[in-house]
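Listed below are the residues making up each chain.
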Amino acid sequence: MRLLAKGVAALAAVALLAGCGANASGTSNDSGKTTVTWWTINQSSPSADAALDKIITDFEAANPDIKIERTARAVDAHKDALRTAIGTSAAPDIYNYWAGPGLGGELVKANASADLTDYYKQYNWQDRFTGAALNPVTQYGGFQGVPWKLNGEALYYNKALFAKAGITKLPTTLDELNDTAAKLKAAGITPIEFGGTVNWHLMRLLDTFLEGYCGSAKFDQLVTNKANWGKEDCVTKSFTNLATWSKDYLNPGFIGINNDESSALFYNGKAAMALEGDWFDKNISDQKVNMNDFGVFPLPTGTGRLYGFEEAEYISKDSPHKDAAAKFLDYLTSTKVQQEVLGTFATQSVNKAVTPKAGGDALSTSWDSIFKDAKGLYMNNDQNLSLSSTTEYWRIQNLVATGGMAPDQAGAEFQKFLDSNN
C-alpha cells in the first residue's frame with residue numbers, strides 16, 4: 001500500500017487535526033514534562049473512554065515528568081489521519097492500529113513503525129503476552145507494536161425474539177443460520193441489524209459467508225491472492241447469500257445509517273441479532289438493560305475458527321520520545337491495568353497473567369467458551385487486504401447488497417481489480 005502524498009497542505013491539515021501545531025509528535029514543554037502524543041480510535045462505549053482517561057491520569061500521577069496527550073477519532077478518520085501523517089513530523093509518538101497485514105502491516109512495510117525489540121527485552125514483554133497476541137506483532141520479524149487487545153466477533157441475539165419466532169436451537173451451520181433468519185422474518189421480526197455507511201460493518205457478514213462456504217484453506221488462499229475469486233463457486237455462493245440477506249433479513253434502509261444507529265435497533269429489541277465483537281458486552285451493559293435478555297454464539301461457519309482481530313499500539317519510527325512512550329505502554333499492558341479493565345475493551349486479555357473475573361455475566365461466560373474452543377483465527381478482510389483492494393471489495397459488496405451487481409459477477413469483478421493492481 002502506498003502512503004498518501006505528504007505535501008505541505010496535508011501536513012497542515014493533520015497538524016490541525018492533532019491540535020498540537022506543526023510538531024504533533026510532542027516536545028518537552030515549559031514545565032519540563034515530556035509530552036507523548038497518542039492517537040486512538042473513538043471507543044465503543046462511554047465507559048471505555050472513561051477507562052482510558054483513568055489509565056492516563058493514573059500513569060501521569062506515577063510519572064509526573066510525562067504527559068500523555070490522546071487524540072481520538074472515528075475509525076475512518078483515524079485511518080486517513082495516520083496514512084497522511086505517518087513518516088512526517090506530524091506523526092504521533094504512539095498510534096493505535098489494527099495488527100492485520102492490510103492495516104498495521106501496511107505501515108510496518110512502509111518502515112513507519114519502530115522495531116521494539118530492545119523494549120521487549122527491557123520490560124520482558126515477550127513473557128507477558130499470550131502466544132495468540134504475540135503472533136500479529138512478530139509476523140514481520142522483530143517486534144512491531146505492543147499487543148493491546150484481541151477481539152473475537154460472533155452473533156449476539158435477543159432471547160425473547162428468538163423465542164417469539166419459535167427458535168429453540170442455536171444455529172451451528174450456515175444453512176441453519178439461513179433458516180433462523182427466515183423464521184425471524186416470518187414472525188415479523190427484523191433478523192439482524194447492520195449500518196451500511198461504514199463499509200466494514202456489512203463486510204463482517206460477507207467475510208463469514210466466505211469462511212463458511214469456501215472453508216479455511218480456500219479463504220486464506222483467496223485473501224492472499226493464491227486463488228481466483230472469479231473461478232470459485234463458493235465465492236459466488238457467498239455473494240448470493242449476501243444479496244439474499246440484504247434483501248430479506250437486514251434492517252430496512254441499512255445502507256443509509258451507521259453502525260451506532262443500527263446497534264440501537266438491537267438494544268431496543270427491534271432487531272434480533274447483531275454481528276459484533278466481544279466489546280459489545282460493555283455496549284449492552286451501558287444501556288442499563290438486563291444482560292440476561294441477550295446471548296451470543298459463534299459464527300456457524302463449520303470451520304471452528306474464530307473471527308476476530310488484534311489491535312496493537314505502535315511507536316512511530318521517528319518519535320523523539322520512544323523511551324517515554326514505551327514506559328506508558330508498559331503500564332498500559334501491565335497485569336494491574338489489564339486486570340482492572342478486563343471486560344471493558346475485550347473479554348479476554350492479551351496479558352496471560354490476567355484471570356477471568358469471578359461471577360461474570362452469561363455473555364462473558366459464553367465468550368470464554370468461544371475463545372477456548374476456537375481452532376485458529378480468521379481476520380476481517382479489511383485487515384487481510386491492502387487499502388485499495390479493501391476499497392474495491394467494499395464497492396462490490398455494496399453493489400451486490402443493493403442490487404446494483406449480480407452476485408455471479410462479483411467474484412470476477414474483484415479478481416479483475418486484483419489482476420490489474422498486482
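Just so you know, these numbers come straight off a predicted model, no measurement behind them. (Residues numbered from 1 in each chain as written. Predicted model: local features only at pLDDT ≥ 70, side-chain atom pairs only at ≥ 80, totals over all residues. Heavy atoms only, no water.)

All told, the structure shown has 19 salt bridges when counted by the stated rule. One salt bridge in this structure joins E311 and K149, with 3.6 Å as the shortest N-O distance. Remark: K149 occurs in strand β4 (residues 146-158) and E311 occurs in strand β8 (residues 306-315); sequence separation between them is 162 residues. In this pair, the class of E311 matches that of K149, namely buried. Two residues, D248 and K185, come together in a salt bridge whose shortest N-O distance is 3.5 Å. (Salt bridge = Lys/Arg side-chain N within 4 Å of Asp/Glu carboxyl O. Helix = DSSP H or I, 4+ residues; strand = E, 2+ residues; numbered from the N terminus. Buried < 20%, exposed > 50% of the residue type's maximum accessible area, 1.4 Å probe, protein only.)

Now for the pairing of strand β6 (residues 273-277). Across the five residues of β6, five count as buried, placing the element largely inside the fold. As defined by bridge partners, β4 adjoins β6 across five bridges and the pair is classed as antiparallel. Each bridged residue has a counterpart across the sheet, and for Y156 the counterpart in β6 is A274. Summarising the sheet, strand β5 (residues 192-193) and β6 pair through two bridges and their orientation is parallel. Within the sheet, the bridge partner assigned to I192 lies in β6 and is M273. (Pairing = 2+ DSSP bridges.)

We note that the domain assignment places domain 1 (26-151 + 309-341) and domain 2 (153-308 + 371-421) within the chain. When each unit is reduced to the centre of its C-alpha atoms, the spacing between domain 1 and domain 2 is 29 Å. Buried area between domain 1 and domain 2, both sides added, is near 1500 Å², and the carbon and sulfur share of it is 56%. When the area that domain 1 buries against domain 2 is broken down by residue, the three leading residues are S44, N151 and F309, summing to 37%. (Domains from an automatic or database assignment. Buried area = accessible area lost by both parts, 1.4 Å probe.)

Before going further, it helps to spend a moment on the state of the cysteines. Inspection of the entire model under this criterion finds one disulfide. One disulfide in the model links C214 with C234; its S-S distance is 2.1 Å. The sign of the S-S torsion, about 95°, decides the handedness of the disulfide formed by C214 and C234: right-handed. In this pair, C214 sits in helix α9 (residues 199-214) while C234 sits in helix α11 (residues 233-248), placing the two residues 20 residues apart along the sequence. (Disulfide = S-S within 2.5 Å.)

Two aromatic rings are characterised by how far apart their centres lie and by the angle between their planes. In this structure the tally under the stated criterion is 27 aromatic pairs. Ring geometry for Y97 against W98: centres 5.6 Å apart, planes inclined by 55°, an arrangement best described as tilted. Judged on exposure class, the residue Y97 and its partner W98 are both buried. Through pairs of rings, three or more aromatic residues link up here, namely Y156, F266, Y267, F280, F294, W367 and F371. Its end group placed over the ring of W39, R73 keeps NZ or CZ at 4.3 Å from the ring centre. (Phe/Tyr/Trp six-rings, centres within 6.5 Å; stacked < 30°, edge-to-face > 60°. Lys NZ or Arg CZ within 6 Å of the ring centre and 35° of its normal.)

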